[in-house]
Amino acid sequence: MLETKVVCIQCGREYALSAAISGCETCDGLLEVKHDLEALKGVITREWAEKRRVERGFPNGSGVWRWRELVAPFPNEAIVSRNEGNTNLYEDARLAKWAGLENLWLKHEGENPTGSFKDRGMTVGISHANWIGAKYVACASSGNTSASLAGYAARAGLKALTFIPSGKVALGKLSQTMAYGAKTVQVEGSFDDALELVRRVSKEKGVYLVNSLNPFRLEGQKTIIFEALQQLDWQAPDWIVVSGGNLGNTSAFGKALWEMRELGLIGEKLPRIATIQAEGASPFYQYYRSEFTRFKAQKPETVATAIRIGNPVNLAKARRAIEWTDGVVDMVTDTEIMEAKAVLDRSGIGGEPAAGATLAGVRKLREKEIIGKGDRVVAIMTGHILKDADSIVNYHSNPANPGANPLVQMAGTLDDLMKLLEEN
Ligand code: F0G
């Protein structure tokens, strides 16, 4: 019998798997799921993973639940899944060249059921809520968590409550959240204010919280890395680059790599994690620059609303992930984000602005010679191109923007039209 626990990373206090808490009751530290890695050594192997990969059906057809021994050992009856994960890893020579690299892969998490990586964590969070008999589930969100929560809660028949920063959520995400039927509350202020409010609702009213403070969410998000490494035939890349806001992914990726090394799935040298923030929402970057001595929350602002976060809750875990992997943190401007996004979109792959931030970060780290030309780089595209259609139309309507593709009016002859096509 596997012994899986929930443990506080700060004071070590242990909790049962069935506990519905999102912070340590002794010291308010972050909680994490601790797997019995000793017992799993020799069981979870590359061969084991290859066998699981070809399984279909419920629940191992899911790119999350096929790793369930390393995620959460819930009974099948509790699992709420839409076969999330199983996303493509694209190798793209043009994008590699644009970023100054020879080897670039893009792991497209926008290909998940509700269009972002959040589904990988949400299937685990909602399954936990379902397992322990929660009635209400809630989150604060810059948009994708709420869309994912609303969708999974609808599948599970749970009532969902979401808090979003007023006027700062991209329409694709907002419309999903409304359509899936979550009660959506607009909060004056930023994501950080919305999160503070939902934490109170959770604490005082016992509503089940599924923000990334919830340790089960991050267990699901680890599978982005398990899956990418498997797609690379276990040849670990030199870098894993991801945009960071609340820093759940950064934290989850560090834990995934650590566990994979413990289990012998990859070698001793871990890929380095590079977290990319937007300039106007870069508290983790500033903290990193101070060699993790001074943290200051920010009033966030960026065109990439997904990562418009000034006080990331997973700070301690993310710092650990950067330290474990000899990682780096950098930031990119809104202009760099939108230009990289235009290039990403034009490649035919596409992604929301936060995915553009990842790609812009790859190029920036290459320009700074932090990433070497021959390094093997996996860039995580965190959300789908349709999530934020407004930002696309705005960008392409301004002919001064690099690669802009403004709408044209039909006028003149068909020959005029053909001339226009040639110019394009
Ligand atoms: N990319 C996208 C598309 C996101 O939606 C988010 C976070 C991030 C990157 C940052 O990930 O928080 O793990 O560092 N979105 C959250 C939300 C906050 O509410 O949807 P992180």
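An unreviewed UniProt entry lists the chain under the name Threonine synthase, with Candidatus Chlorohelix allophototropha given as the organism. Note on the chain: under the UniProt heading Catalytic activity (unreviewed entry), the record states "O-phospho-L-homoserine + H2O = L-threonine + phosphate".

Draft legend 1. Representation of the site of the ligand. Near the ligand lie 21 residues; those nearest to it are Ser141, Gly245, Asn246, Leu247 and Thr382. Within the side chain of Ser141, one N or O atom sits 2.8 Å away from an oxygen atom of the ligand. Ser142 places a main-chain nitrogen or oxygen 2.8 Å from an oxygen atom of the ligand. Alone, the ligand offers 480 Å² of accessible surface; in the complex the protein occludes 99% of this. Those elements that provide at least two residues to the shell around the ligand are helix H5 (144-156) and helix H10 (248-263). When its residues are assigned to classes, the shell around the ligand shows seven nonpolar, 12 polar and two charged.

Draft legend 2. Structural view of the packing of helix H13 (residues 334-346) against helix H14 (residues 353-367). At a minimum axis separation of 7 Å, H13 and H14 run at an interaxial angle of 100 degrees. Taken together, H13 and H14 sit at an angle that is classed as roughly perpendicular. Contacts between H13 and H14 involve Glu336, Ile337, Met338, Ala340, Lys341 and Leu344 on the former and, on the latter, Pro353, Ala355, Gly356, Ala357, Leu359, Ala360 and Lys364. Its residues placed into classes, the contact of H13 with H14 shows nine nonpolar, one polar and three charged.

Draft legend 3. Quick look at the pattern of salt bridges. As enumerated under the stated definition, the model contains 26 salt bridges in all. Arg120 serves as the salt-bridge partner of Glu109, at 2.7 Å between the closest nitrogen and oxygen. Of this pair, Glu109 sits in the loop between strand S5 (103-108) and helix H4 (118-132) while Arg120 sits in helix H4, and the two are 11 residues apart along the sequence. The exposure classification of Glu109 matches that of Arg120, with both residues buried. Ionic pairing is found between Lys255 and Glu219, a salt bridge with its closest N-O pair at 2.8 Å. Placement of Lys255 in helix H10 and of Glu219 in helix H8 (residues 215-221) is noted, with a sequence separation of 36 residues between them. Judged by relative accessible area, which is 9%, Lys255 ranks as buried. By relative accessible area, Glu219 is classed as buried at 1%. In this structure, a network of salt bridges that share partners links the residues Lys107, Glu109, Arg120 and Glu227.

Draft legend 4. Layout of the sheet that holds strand S1 (residues 5-8). The sheet built from three strands is open, its strands ordered S2-S1-S3 with antiparallel pairing. On the outer flanks of this sheet lie strand S2 (14-15) and strand S3 (31-34), each paired with one strand and no other. Where S1 meets S3, four bridges bridge the pair, whose relative direction is antiparallel. Note on S3: the bridge partner recorded for Lys5 is Lys34.

Draft legend 5. Structural context of the UniProt feature "modified residue: N6-(pyridoxal phosphate)lysine" (unreviewed entry) in the chain. In this numbering, the UniProt entry assigns the feature "modified residue: N6-(pyridoxal phosphate)lysine" (unreviewed entry) to Lys118. Within the secondary structure layout, Lys118 lies in helix H4. Given a relative accessible area of 16%, Lys118 falls into the buried group. The residues contacting Lys118, other than those within four sequence positions of it, are Asn144, Thr145, Ser148 and Arg217.

Draft legend 6. The arrangement of the nonpolar core in detail. Ranked by internal contacts, the top residues of the largest apolar core, which has 74 residues, are Ile126, Val137, Phe216, Phe253 and Phe284. Top contributing element to this core by residue count: H10, with six residues. Contacts of Val137, omitting those with residues within four sequence positions, involve Ile126, Ala129, Leu149, Ala153, Leu158, Lys159, Ala160, Leu161, Val207 and Tyr208. The next biggest cluster of nonpolar side chains, apart from the first, holds 34 residues, and it includes Ala96, Leu101, Ile276 and Ala355.

Draft legend 7. A look at H4. The terminal C-alpha atoms of H4, which comprises 15 residues, lie 21 Å apart, in line with the 21 Å expected from a rise of 1.5 Å per residue. In the core, the buried residues of H4 are packed alongside S5, strand S6 (136-140), H5, strand S9 (208-209), H8 and helix H9 (223-231). Backbone geometry just after H4 places Gly133 at a positive phi near 80 degrees.

Draft legend 8. Inspection of the pairing of strand S8 (residues 183-187) at higher detail. Note that strand S7 (residues 159-165) and S8 share five bridges and pair parallel. Across the sheet, the residue bridging to Leu161 is Lys183, located in S8.

Draft legend 9. Layout of the packing of H13 against helix H15 (residues 389-397). Their axes nearest at 11 Å, the elements H13 and H15 cross at an angle of 95 degrees. The angle between the axes of H13 and H15 places the two elements in the roughly perpendicular class. Residues Met338, Glu339, Lys341, Ala342 and Asp345 of H13 pack against Ser391, Ile392 and Tyr395 of H15. Of the residues in the contact of H13 with H15, the class split is four nonpolar, one polar and three charged.

Draft legend 10. Structural view of the state of the cysteines. Counted under the stated rule, the structure contains zero disulfides. Not engaged in a disulfide, the cysteine Cys8 finds its nearest cysteine sulfur in Cys27; these two sulfurs lie 3.5 Å apart. Given the relative accessible area of 2%, Cys8 is considered buried. Unpaired in this structure, Cys24 has its nearest cysteine sulfur neighbour in Cys11, at a distance of 3.7 Å.

The rules behind the values
Residues numbered from 1 in each chain as written. Predicted model: local features only at pLDDT ≥ 70, side-chain atom pairs only at ≥ 80, totals over all residues. Heavy atoms only, no water. UniProt positions renumbered as here; feature names shortened; annotations may be inferred. Near = heavy atom within 4 Å. Polar contact = N/O pair within 3.5 Å; in protein donor to acceptor, adjacent residues only side chain to side chain. Areas by Shrake-Rupley, 256 points an atom, 1.4 Å probe, with all protein chains shown as cover. Helix = DSSP H or I, 4+ residues; strand = E, 2+ residues; numbered from the N terminus. Nonpolar A, V, L, I, M, F, W, Y, C, P; charged D, E, K, R; others polar. Axes fitted to C-alpha atoms, helices over the stretch in contact; angles between N-to-C directions. Parallel < 35°, antiparallel > 145°, perpendicular 65-115°, else oblique. Contact = heavy atoms within 4.5 Å. Salt bridge = Lys/Arg side-chain N within 4 Å of Asp/Glu carboxyl O. Buried < 20%, exposed > 50% of the residue type's maximum accessible area, 1.4 Å probe, protein only. Pairing = 2+ DSSP bridges. Core = buried A, V, L, I, M, F, W, Y, C linked by side-chain atoms within 4.5 Å. Expected span 1.5 Å × (residues − 1). Disulfide = S-S within 2.5 Å.

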